[in-house]
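Summary of the model geometry
These are the residues of each chain, in order.
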Amino acid sequence: MLLAALCLLVTLAVDRLATRAALREGQARAEVTLRQTVNALEGHIRRFEALPALLARDDEVRDFFAVPQTAAGIDSMNLWLKATNDLAGSSDLYLIAPDGVTLAASNFDRPDSFVGESFTYRPYFTDALAGGTGRFFALGTTSGVRGYYFGSPVRDGSGRVIGVVALKIGVDDLEAAWRSAEYEILVSDPEGIVFMATDPTWRYRGLLPLTAERVARTEASRRYAEIALAELAVQRASEGRFALLSLSSGGVARDYLEVERAMPEAGWTVHVWLDTAPLRGQARLTVAATVLLLGVALSLGWALWQRRARLAERIALQAAAQADLERQVAERTADLTRANEELHRMQADLVQAGKLAALGRMSAALSHEINQPLAAARNWADSAALLIERGEVARARENIGQILSLIDRMAAIARHLRNVARKPEEPLKVFPLAPVVADALQVAETRLKASGHAVQVDLAPDLPLVRGGPVRLQQVIVNLLSNAADAMEGRAGEIELGARAEGGEVVMTVRDHGPGVAAAIADRIFDPFFTTKTVGSGLGLGLSISYNIMKDFGGDLRVANHPEGGAVFSVVLMAAGRAEGGMAAE
Ligand code: ADP
């Protein structure tokens with residue numbers, strides 16, 4: 001809507017501008033024609049204006065008026081006037097007596113001869129008679145031919161006016177020359193009556209209202225003889241600095257642009273009229289072209305705008321999708337971070353809980369392990385003191401022996417703990433497995449005997465050498481045998497100890513016929529201080545120490561339950577090559 005209004009406004013403005021430009025250009029052309037027309041008219045008049053005055057001074061003309069005319073004198077004057085008129089190229093040349101009657105004329109021999117005619121009513125005559133130079137434009141009353149008249153006084157020796165020389169020049173040829181022009185040219189007299197025009201029908205028509213005075217003045221001089229005057233239906237208007245008029249003649253109205261110039265000497269006004277229809281057509285063409293261009297520009301702009309809008313939309317969509325994606329990623333990341341934090345916290349909690357539990361278990365175990373021997377040692381010491389008082393030194397020494405053994409036990413516990421905390425400095429070696437197993441069986445012998453369970457050993461022949469520390473490996477084996485015996489407490493059966501090579505490893509298994517390891521605690525039994533045994537019977541360090549020892553060797557310690565019951569502990573050792581000669585040095 002707004003755009004349409006804007007377009008209309010632009011079109012109107014362009015129309016106005018284009019019309020003005022066309023009018024301006026037309027006006028400039030009309031001015032040129034006007035100038036040329038005025039120059040031609042003035043030149044025409046000027047060519048003849050001095051002639052009557054010159055002739056008035058001619059002796060022959062003076063003598064003609066000075067003495068009474070004879071018929072012969074008139075005849076010869078007629079001939080002389082005719083010859084002079086032909087030479088000058090004027091229309092008519094004639095001599096008028098002071099009473100207004102024409103005495104001699106160049107057209108004496110024509111039917112419309114002026115000779116004998118009276119021209120008292122003509123201003124050119126009266127002006128000349130009064131001593132001035134007469135000029136007048138009129139339609140010849142005798143000839144019916146338009147012309148410009150000059151009148152000049154003829155004076156005698158004393159300066160008295162004794163006659164008038166009159167000269168008439170025609171305008172038909174000039175007017176005929178205008179016909180081909182693309183303009184309408186009109187010449188009007190002081191009363192606004194057109195007497196020359198490119199269109200003959202406009203002749204003797206008034207451009208100004210024909211008032212009674214104008215008509216009276218015109219009739220007094222009989223300027224247009226008997227011709228009936230009428231007004232030309234002209235309506236004037238102005239558009240800016242352009243003088244426009246519209247003329248309806250014969251039912252057709254036409255618009256003209258007018259330029260005019262007064263010719264003061266002749267009392268004429270020359271008008272040049274330029275038909276505005278072609279000018280307006282030209283302007284309309286410009287407007288049409290502009291509108292077309294505007295339309296094309298608008299369509300182009302619209303298309304471009306649409307394209308830009310589509311592009312912007314696509315970019316916005318992409319941006320939205322991107323933002324959505326980023327938001328999702330951020331959300332996921334936040335979720336993950338949260339989950340991670342949660343996990344960390346839980347882990348930390350678990351670790352903390354585990355630590356506390358381990359600490360709790362350790363405290364319980366340690367206080368039992370230490371308090372119990374301490375209390376015992378105290379009893380032994382008390383009774384030793386009594387025995388010494390009583391002089392029973394031998395028994396007192398026995399007591400002290402008990403105390404010493406208790407101290408040793410506590411020292412052993414301390415050593416045990418130290419083993420957990422500190423890595424032993426035993427260097428890793430390559431050695432055969434069999435002797436270590438034999439040593440371990442020997443060390444565990446007492447414990448196994450007490451429990452009443454035999455150990456069935458089954459080592460594969462040609463086992464490769466293994467890598468590790470034999471002393472610590474022996475400790476691991478003793479530990480496993482001791483646990484197996486504990487597990488089989490009150491049950492029958494043997495402990496089975498086997499070993500075989502598997503790939504680059506040697507796997508030794510210790511199997512018992514106890515209850516096996518419950519799934520719920522399978523992954524905790526290697527934790528330090530984890531024990532299911534009553535306080536005092538286990539520190540929960542055996543498996544933990546064993547596990548760490550095996551890891552130190554680059555091996556492993558695993559637990560599983562045998563399909564037929566009982567736990568199976570696998571000691572995994574790295575193989576280092578075949579045993580050579582059976583034994584290797586420790
Ligand atoms: P402790 O023997 O002092 O309890 P360990 O670290 O040697 O400490 O053993 C930890 C726990 O592992 C034991 O309390 C027991 O519950 C379990 N366990 C160890 N060996 C066996 C086995 N052969 N059969 C069943 N359970 C076992």
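Residues numbered from 1 in each chain as written. Predicted model: local features only at pLDDT ≥ 70, side-chain atom pairs only at ≥ 80, totals over all residues. Heavy atoms only, no water.

**Examining the site of the ligand**
Put simply, the rule reads: By convention in these notes, a residue is near a molecule or strand provided one of its non-hydrogen atoms lies within 4 Å of it. Definition of a polar contact: a pair of N or O atoms within 3.5 Å, with one able to donate and the other able to accept a hydrogen when the atoms are protein atoms, and with sequence-neighbouring residues admitted only if both atoms are side-chain atoms. Reported accessibility uses the Shrake-Rupley method at a 1.4 Å probe radius. Residues are deemed covered only where the shown protein chains occlude them. Helix and strand definitions here come from DSSP, where helices need a minimum of 4 consecutive H or I residues and strands a minimum of 2 consecutive E residues; each element is numbered from the N-terminal end. Classes in brief: Ala, Val, Leu, Ile, Met, Phe, Trp, Tyr, Cys and Pro nonpolar; Asp, Glu, Lys and Arg charged; the others, Gly included, polar.
In the region of the ligand, 19 residues are neighbours, and Asp 512, Thr 531, Thr 532, Lys 533 and Leu 543 sit closest. Between the ligand and Asn 483 there is a distance of 2.8 Å, counted from an oxygen atom to a side-chain nitrogen or oxygen. One of the backbone N or O atoms of Gly 540 is found 3.0 Å from an oxygen atom in the ligand. Within the complex, 92% of the 530 Å² of free accessible area of the ligand lies under protein. Sorting the residues of the shell around the ligand by element identifies α11 (470-487), α13 (542-552) and β20 (567-578) as the ones contributing at least two each. With three residues, the single largest contributor to the shell around the ligand is α11. Classifying every residue of the shell around the ligand by side-chain character gives ten nonpolar, seven polar and two charged.

**Here we look at the packing of aromatic side chains**
Cut-off, in case you're wondering: Any two rings among Phe, Tyr and Trp, with Trp reduced to its six-membered ring, count as a pair given centres within 6.5 Å; such a pair is stacked if its planes are under 30 degrees apart, edge-to-face if over 60, and tilted if neither. Partly exposed residues are those whose accessible area sits between 20% and 50% of the maximum for their type, while under 20% is buried and over 50% is exposed, using a 1.4 Å probe and protein chains only. Charge-over-ring placement is defined geometrically: NZ (Lys) or CZ (Arg) within 6 Å of the ring centre, and within 35 degrees of the ring normal.
Under the criterion given, the structure shown has 17 aromatic pairs. Judged by centre distance (5.3 Å) and plane angle (50°), the ring pair of Trp 202 and Trp 273 falls under tilted. Of this pair, Trp 202 sits in the loop between β7 (194-197) and β8 (205-206) while Trp 273 is found in strand β13 (residues 268-275), placing the two residues 71 residues apart along the sequence. A relative accessible area of 3% means that Trp 202 is categorised as buried. For Trp 273, a relative accessible area of 0% corresponds to the buried category. Ring geometry for Trp 302 and Trp 305: centres 5.6 Å apart, planes at 25°, overall stacked. With Trp 302 and Trp 305 both in helix α8 (residues 276-389) and three residues apart, this pair spans about one turn of that helix. In this pair, the class of Trp 302 matches that of Trp 305, namely exposed. Connected via pairs of aromatic rings, a cluster forms that spans Phe 137, Tyr 148, Phe 150, Phe 195 and Trp 268. Cation over ring: Arg 122 sits above Tyr 149, and NZ or CZ is 5.5 Å from the ring centre. Positioned above the aromatic ring of Tyr 121 is the side chain of Arg 222, whose terminal nitrogen or guanidinium carbon lies 4.9 Å from the ring centre.

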